[in-house]
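Reading the structure
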Amino acid sequence: MKIVSSPPRLVLCATLWSMVGHPSPRREWSLARKLQAVKAAGFDGIDEMFRPEFAPYLQKLGLQICGRVFSRDGRDVRRLLAIEARGGAHYVNCMLGEHDTTPAAATRLIIRTVREARRLGLSAHVETHRDNCTETPEKLAEIAARYRRETGELLPVTWDHSHLAVMKHIQPPDFAKRLLATPRLIQHSHLFHCRPFGSQHAQVPVTDGRNRLTPEFRDYLRFAEDLFTAWLQGPAPRGELWVTPELGTTGGYHVSTNPPVWPDTVRCLRELRGAWRRALARVA
């Protein structure tokens, strides 16, 4: 009898980082209002380090959570992962090491983190991120090779291509060619952070503030469709892909002349859904 697998599912999560100081620093929304806005916008969940105050709102609103762990040396990984497990997460995005953590040390830290996560019933993915052990494409490639040699498995990656694109100043015509050069690693992942980027900026505005998409975001959206297509072309069953439109308000990501971040995030959600539908049609 032929077994028909379920179609792949896109799970979209918001980060509360998109609402820091929203609608203004003096009138910032409460946690309750932020999570209600997440639900109203059509997100499936949040991408956050779990905090106990989240629990009643997540249950009431029917929102899921993708956990987060940040550790420089790994000594606190077990404790941090346990918090995410108690918070109801399955997938956990891990930001590990520092910019100068060697690939050998990074690989040991990642192996320890992934194994500890599995003992707790979690699936840990390591984010490509500035000032972490994975901040350059070259370091990521070496870590992935070491991880494969030592475990026999593919490295579980949370793909945030914005950092890699800006690190190499990749131009839009080369986004897919350069950033999707490791399809097996991309297909092995179940976590993407889809922050719109350009060749010089890790976060470009989605709109011009008047409900029109910016040319920079249109360039990014073509890449997002290629990214989703690459993932969908992986081996069946594909299961779920958890995607976070990770636009932030702090850390220099948001330029003061850009439109407010949260409305742009909601528009990004809608556009990414469209890119997903087009990708599904491409692989049908």
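Criteria and thresholds
- Residues numbered from 1 in each chain as written.
- Predicted model: local features only at pLDDT ≥ 70, side-chain atom pairs only at ≥ 80, totals over all residues.
- Heavy atoms only, no water.
- Phe/Tyr/Trp six-rings, centres within 6.5 Å; stacked < 30°, edge-to-face > 60°.
- Helix = DSSP H or I, 4+ residues; strand = E, 2+ residues; numbered from the N terminus.
- Buried < 20%, exposed > 50% of the residue type's maximum accessible area, 1.4 Å probe, protein only.
- Lys NZ or Arg CZ within 6 Å of the ring centre and 35° of its normal.
- Pairing = 2+ DSSP bridges.
- Axes fitted to C-alpha atoms, helices over the stretch in contact; angles between N-to-C directions.
- Contact = heavy atoms within 4.5 Å.

Another point: the packing of aromatic side chains. On inspection of all chains with the given rule, the structure shows twelve aromatic pairs. With a centroid separation of 5.0 Å and 90 degrees between ring planes, the pair formed by Trp17 and Tyr253 is classed as edge-to-face. Taken as a pair, Trp17 in the loop between strand S1 (9-14) and helix H1 (31-41) and Tyr253 in the loop between strand S8 (240-244) and helix H10 (261-283) lie far apart in primary sequence, 236 residues in all. In this pair, the class of Trp17 matches that of Tyr253, namely buried. Residues Trp231 and Trp276 carry aromatic rings whose centres are separated by 6.1 Å and whose planes lie at 45 degrees to one another, so their mutual orientation is tilted. Of this pair, Trp231 sits in helix H9 (residues 215-232) while Trp276 sits in helix H10, placing them 45 residues apart in sequence. A residue is classified by how much of its surface remains accessible, and Trp231, at 0% relative accessible area, is buried. Taken together through their ring pairs, the aromatic side chains of Phe175, Phe197, Phe217, Tyr220 and Phe223 make up a single cluster. Arg238 extends its terminal NZ or CZ atom over the ring of Trp231, reaching a point 4.5 Å from the ring centre.

With that settled, consider the sheet that holds strand S4 (residues 91-96). Strand order around the closed barrel formed by eight strands is S1-S2-S3-S4-S5-S6-S7-S8, with parallel pairing between neighbours. Mean inter-strand twist for the sheet, computed between neighbouring axes without regard to direction, equals 30 degrees. With two bridges connecting them, strand S5 (residues 123-127) and strand S6 (residues 157-159) associate as parallel partners. Within S6, the position partnered with Val126 by the bridge is Val157. Of the strands in this sheet, strand S7 (191-193) and S8 are in contact with H9, which crosses S8 at around 160 degrees.

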